[in-house]
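Residues per chain are reported as follows:
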Amino acid sequence: MNGHFEAQEQQDQRLDQELTWSWGHRPRSALDRAEAMAPPPSPPLAASTPVLHGEFGSYPARGPRFALTLTPQALHVQRLRPKPEARPRGGLVLLAEVSGCCTLRSRSASDSAAYFRIYTYPRGRRGGRRRATRTFRADGAATYEGNRAEAQRWATALTCLLRGLPLPGDGEITAQLLPRPPRLLLLINPFGGRGLAWQWCKNYVLPMISEAGLSFNLIQTERQNHARELVQGLSLREWDAIVTVSGDGLLYEVLNGLLERPDWEEAVKMPVGILPCGSGNALAGAVNQLGGFEPALGIDLLLNCSLLLCRGGGRPLDLMSVTLASGSRCFSFLSVAWGFVSDVDIQSERFRALGSARFTLGTVLGLATLHTYCGRLSYLPATVEPASPTPAHGLPRAKSELTLVPAPVPPMAHSPLHRSVSDLPLPLPQPALASPGSPEPLPILALNGGGPELAADWGGAGDVPLSPDPLLPSPPGSPKAALLSPITEGSPEMPASSGLLPPTLDGDPVAISTGGPPDHLLPPLGTPLPPGWVTLEGDFVLMLAISPSHLGADLVAAPHARFDDGLVHLCWVRSGISRATLLRLFLAMERGSHFSLGCPQLGYAAARAFRLEPLTPRGVLTVDGEQVEYGPLQAQMHPGLGTLITGPPGCPGRNP
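Residues numbered from 1 in each chain as written. Predicted model: local features only at pLDDT ≥ 70, side-chain atom pairs only at ≥ 80, totals over all residues. Heavy atoms only, no water.

## Regarding the overall build of the chain
Put simply, the rule reads: A run of H or I in DSSP counts as a helix once it spans at least four residues, and a run of E counts as a strand once it spans at least two, with each numbered from the N terminus. Note on classification: 1.4 Å probe, protein chains only; a residue is buried when its accessible area is under 20% of the maximum for its type, exposed when over 50%, partly exposed between these limits.
Of regular secondary structure, the chain possesses 14 helices and 24 strands. The burial tally for the chain puts 54% of its 656 residues in the buried class.

So, in structure tokens, the structure goes:
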């Protein structure tokens, strides 16, 4: 009997892991698990296999008629009347550029047609993305109910393709295939990105995830370590993911906060995402590359990562535990740096108002005052060589419903951001879909500066506006009262005394990591290393230990690295390199080609653990861009400890 229970527990754990790949499928109840035990999905469709084909009108009704063909990679649009196009213009809508879709109905009682809308973000001639909508009129049936069923069939099929959900091989496509809308906790640092983080979030992020049908709450962090404290007191079962809207620093706080919880083993499995609105966006650059997009910066990078977030799904994220000289430990998802890289990172803080340009200026100043550092680097070599780069995987996106009519803006005398734990729920955009377990819709917040972009979705003067037509109606008896805040300072998951870090005498929290897995590969600092380690000693210009591929949004430090390769990639530059050669290395790093320059001072090794012992009395050490105490440190990679939202697995390669 015990063997049966153990086998069932292993199966449940496997389901838990598998079900994190698609939005809305994290099992929370017996019903969720029962759905997860359904028969395995049919084999994935080929990229060019037609999923649906049909004829649609346009909105407004006096426009042309189209033949639509939906495949796993694109929506093909061909004009039929008034004159067929030999070479359709704008006739290919890549799912890689779609954020979501919705169904709509006319506000005219005499209109029996239903409407199917998709939200897209195609690249313009100059490379930047721009929001666009395509609205099609389903009018093949005599009744509204028949047309509505057809519009919803298309919206459901497109949503399943975007989110990586299986479609029935020969069954009927109905809205019941869609899970409930996932709940996201968005944490934003309003001072990120030269203070533009909130403006970018309001103008780009919130509209897009609303189009994707995602439910969310937003909290503004007010100080350093605020996010770290907050996630320690979260009731995690209320959320499907935690997403930071900032640079790399805010995600560093979130991951370390999760690992400081008493239930860290379960908490660290919470999927995390990053939307780049800071000056340092290294992880977002790696996510962007994995998603199959071209290198991007600024708003383009933000839109690319937001498109991936809308699709949900992710992959294991390696985390590196770093033990400092004092014995304290922290966890890194990005890098440990010493020498030139850490000097530039910290010394450029005074230029933070310049955004990402601060690193360019910091690099120039660092080259002018180039230092060398004496030290000892020891590492445990990887038993398996790092995999060579595989073709990057391409994109597609999500689903949603957004009203065509701009809603009146509720009067507000203060910022609409939630400033503290007790402010939830917030006045944020209403979720597009309603399903069992989703939160009560909240008052609509005007987006894009009051709605001119939404107004442009209308047919024009004299055209009857459209209204949302939800795919999943609210079930009978669903609660209409406002839900309790899903964040509580006295969460039952935490000790009754406090859910936050112990305060110091001056009231600031102490950032001490007490959780996380043991470092079984590392002896205590100061003791001899076991056999099999390699030691390098001498004068270095820099030493970098990096986990993902990117050191910055446009710096590919470890081209072969993957989020889940279980390796720490060590790069170092010995003394004797000229300033001009060092500059060439960093310029080549923008393309990830620096290892092909044949620089004799540049070294590389793939490792499972390492120890760094600075012998120069003064210097700067950083972990994920945050300065830490100077002195000996050591670190070990913990493969797949976290989960990072990167888009569904098995999504197609780079955009065709």
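## Describing the environment of Arg 130
Our working definition: Contact definition: two residues touch when any of their heavy atoms are within 4.5 Å.
Assignment of secondary structure puts Arg 130 in the loop between β6 (114-120) and β7 (132-138). By relative accessible area, Arg 130 is classed as exposed at 68%. Leaving out residues up to four positions away in the same chain, Arg 130 has contacts with Thr 120, Tyr 121 and Pro 122.

## Here's the deal with helix α10 (residues 298-311)
For clarity, the cut-off: In this scheme, a helix's expected span is set at 1.5 Å multiplied by one less than its residue total.
The end-to-end C-alpha separation of α10 is 21 Å, in line with the 20 Å expected for 14 residues at 1.5 Å each. Most of α10 sits out of view: eleven of its 14 residues are buried. Among all positions in α10, only Leu 301, Leu 302, Leu 303, Asn 304, Cys 305, Ser 306, Leu 307, Leu 308, Leu 309, Cys 310 and Arg 311 are buried. Backbone geometry just downstream of α10 places Gly 312 in the positive-phi region, at approximately 70°.

## Overview of the packing of helix α9 (residues 282-290) against α10
Each pair of packed helices can be summarised by the angle the axes make with each other and by the distance between the axes. The following threshold applies: Orientation is described by lines fitted to C-alpha atoms, with helices fitted over the stretch in contact, and by angles between N-to-C directions that extend from 0 to 180 degrees. We call a crossing left-handed when the near helix sits turned anticlockwise from the far one by less than a right angle, and right-handed when that turn is clockwise.
Relative to each other, α9 and α10 sit at 65°, their axes nearing to 10 Å. By crossing handedness, the relation of α9 to α10 is classed as left-handed. Seen from α9, the contacting residues are Ala 284, Gly 285, Val 287 and Asn 288; seen from α10, they are Leu 301, Asn 304, Cys 305 and Leu 308.

## Examining the side chain of Thr 120
Mapped onto the elements of the fold, Thr 120 is located in strand β6. Setting aside residues no more than four positions away along its own chain, Thr 120 makes contact with Val 93, Glu 97, Val 98, Arg 130, Arg 131 and Ala 132.

## Side note on the confidence of the model for the chain
Spelled out, the test is: On a range of 0 to 100, pLDDT expresses the predictor's confidence in each residue.
Counting all residues, the mean pLDDT for the chain is 74, and 67% of those residues have values of 70 or more. Segment residues 473-513 is flagged for pLDDT under 50; beyond a separation of four residues in sequence, or across chains, it makes 67 contacts in the model.

## Let's talk about the packing of aromatic side chains
Put simply, the rule is: Classification of ring pairs rests on two measures: the distance between centres of Phe, Tyr or Trp rings, Trp counted by its six-membered ring, which must be within 6.5 Å, and the angle between planes, read as stacked under 30 degrees, edge-to-face over 60 and tilted in between. Placement of a positive charge over a ring is assigned whenever Lys NZ or Arg CZ falls within 6 Å of the ring centre and within 35 degrees of the normal to the ring plane.
This model, assessed by the stated rule, comprises nine aromatic pairs. Taking the centre distance of 5.4 Å and the plane angle of 55° together, the rings of Phe 340 and Phe 586 count as tilted. One end of the pair, Phe 340, is in helix α11 (residues 340-347); the other, Phe 586, is in helix α14 (residues 579-589), and 246 residues separate them in sequence. Each member of the pair, Phe 340 as well as Phe 586, is classed as buried. Through a chain of ring-to-ring contacts, the aromatic side chains of Phe 56, Phe 116 and Trp 154 assemble into a single cluster. Above the ring of Tyr 144, the side-chain terminus of Arg 105 is found at 4.1 Å from the ring centroid. The lysine or arginine in question, Arg 183, covers the ring of Trp 239, its NZ or CZ lying 4.6 Å from the ring centre.

## Let's talk about the pairing of strand β8 (residues 183-188)
Taken across its six residues, β8 has six buried, putting it largely inside the fold. Residues Arg 183, Leu 185 and Leu 187 of β8 are buried on one face, and the alternating residues Leu 184, Leu 186 and Ile 188, pointing to the opposite face, are buried as well.

## Side note on the packing of helix α5 (residues 197-211) against α10
Defined as follows: Should an angle lie under 35 degrees it is considered roughly parallel, over 145 roughly antiparallel, and from 65 to 115 roughly perpendicular; all remaining angles are considered oblique. Each residue is assigned to one of three groups, with Ala, Val, Leu, Ile, Met, Phe, Trp, Tyr, Cys and Pro labelled nonpolar, Asp, Glu, Lys and Arg labelled charged, and all others, Gly among them, labelled polar.
Remark: α5 packs on α10, axes separated minimally by 9 Å, with the N-to-C direction vectors making an angle of 25°. Taken together, the axes of α5 and α10 lie roughly parallel to each other. Relative to α10, the crossing made by α5 is right-handed. Along the contact surface, α5 presents Trp 200, Tyr 204, Val 205, Met 208 and Ile 209, while α10 presents Gly 298, Ile 299, Leu 302, Leu 303, Ser 306, Leu 307, Leu 309 and Cys 310. When grouped by side-chain class, the residues that make up the contact of α5 with α10 number eleven nonpolar, two polar and no charged.

## Concerning the nonpolar core
Put simply, the test is: In this text, buried Ala, Val, Leu, Ile, Met, Phe, Trp, Tyr and Cys residues form a nonpolar core when linked through side-chain atoms within 4.5 Å. An automatic or database domain assignment supplies the start and end points of every domain.
Core analysis: the biggest nonpolar cluster contains 95 residues, and Leu 187 and Phe 610 have the highest contact counts within it. Residues lining this core come from more than one domain, with at least three contributed by each of domain 2 (183-320) and domain 3 (336-383 + 522-639). The next biggest cluster of nonpolar side chains, apart from the first, holds 30 residues, and it includes Phe 56, Phe 66, Leu 158 and Leu 178.

## Considerations on the pattern of salt bridges
If charged atoms from side chains of opposite charge come close, those side chains can pair. This is how the line gets drawn: The working definition used for a salt bridge is a side-chain nitrogen of Lys or Arg within 4 Å of a carboxyl oxygen of Asp or Glu.
In this structure the tally under the stated criterion is 17 salt bridges. Note that Arg 376 is salt-bridged to Glu 537, the shortest N-O span being 3.1 Å. Residue Arg 376 is located in strand β15 (residues 373-381), and its partner Glu 537 is located in strand β17 (residues 534-546); the two are separated by 161 residues in the primary sequence. By relative accessible area, which is 24% here, Arg 376 ends up partly exposed. Accessibility expressed as a relative area gives 47% for Glu 537, which makes it partly exposed. The structure contains a network of salt bridges with shared partners spanning Glu 55, Arg 65, Asp 111, Arg 137 and Asp 139.

## Digging into α11
Where burial is concerned, most of α11 is hidden: seven out of the eight residues are buried. Within the span of α11, buried status applies to Phe 340, Val 341, Ser 342, Asp 343, Val 344, Asp 345 and Ile 346.

## Examining unusual backbone geometry
Trans peptide bonds make up the majority, and among non-glycine residues the majority have a negative phi. Phi is positive for Asn 225, close to 70°, though the residue is something other than glycine. The backbone of Asp 624 sits at a positive phi, close to 55°, despite the residue not being glycine. Take Asp 624: it is sitting in the loop between β22 (621-623) and β23 (626-628).

## A closer look at the pairing of β15
Using the following cut-off: Each pair of strands is called paired provided DSSP finds at least two bridges between the two strands.
Pairing of β15 with β17, which is carried by seven bridges, proceeds in the antiparallel orientation. Note that in β17 the partner of Ser 378 across the bridge is Thr 535.

## Here's the deal with the side chain of Arg 261
Test applied: Whenever a nitrogen or oxygen atom comes within 3.5 Å of another N or O atom, the pair is scored as a polar contact, on the condition that within protein one atom can donate a hydrogen and the other can accept it, and that pairs from neighbouring residues in sequence are kept only if both atoms are in side chains.
One can find Arg 261 in the loop between α7 (248-259) and α8 (264-267). The exposure class assigned to Arg 261 is buried, which follows from its relative accessible area of 1%. Only 3.0 Å separates the side chain of Arg 261 from the backbone oxygen of Leu 234, close enough to count as a polar contact.

## Some points on the environment of Asp 263
Considering the arrangement of structural elements, one finds Asp 263 in the loop between α7 and α8. Residue Asp 263 is classed as partly exposed on the basis of its relative accessible area, which comes to 25%. Between the alpha carbons of Asp 263 and Gly 516 there is a distance of 9.7 Å; along the sequence they are 253 residues apart. A distance of 2.8 Å separates the side chain of Asp 263 from the side chain of Arg 261, its partner in a polar contact.

## Observations regarding the state of the cysteines
Condition: The disulfide criterion is simple: two cysteine sulfur atoms within 2.5 Å.
Applying the stated rule across the entire model yields zero disulfides. Free of any disulfide, Cys 101 has its nearest neighbouring cysteine sulfur in Cys 102, separated by 7.0 Å.

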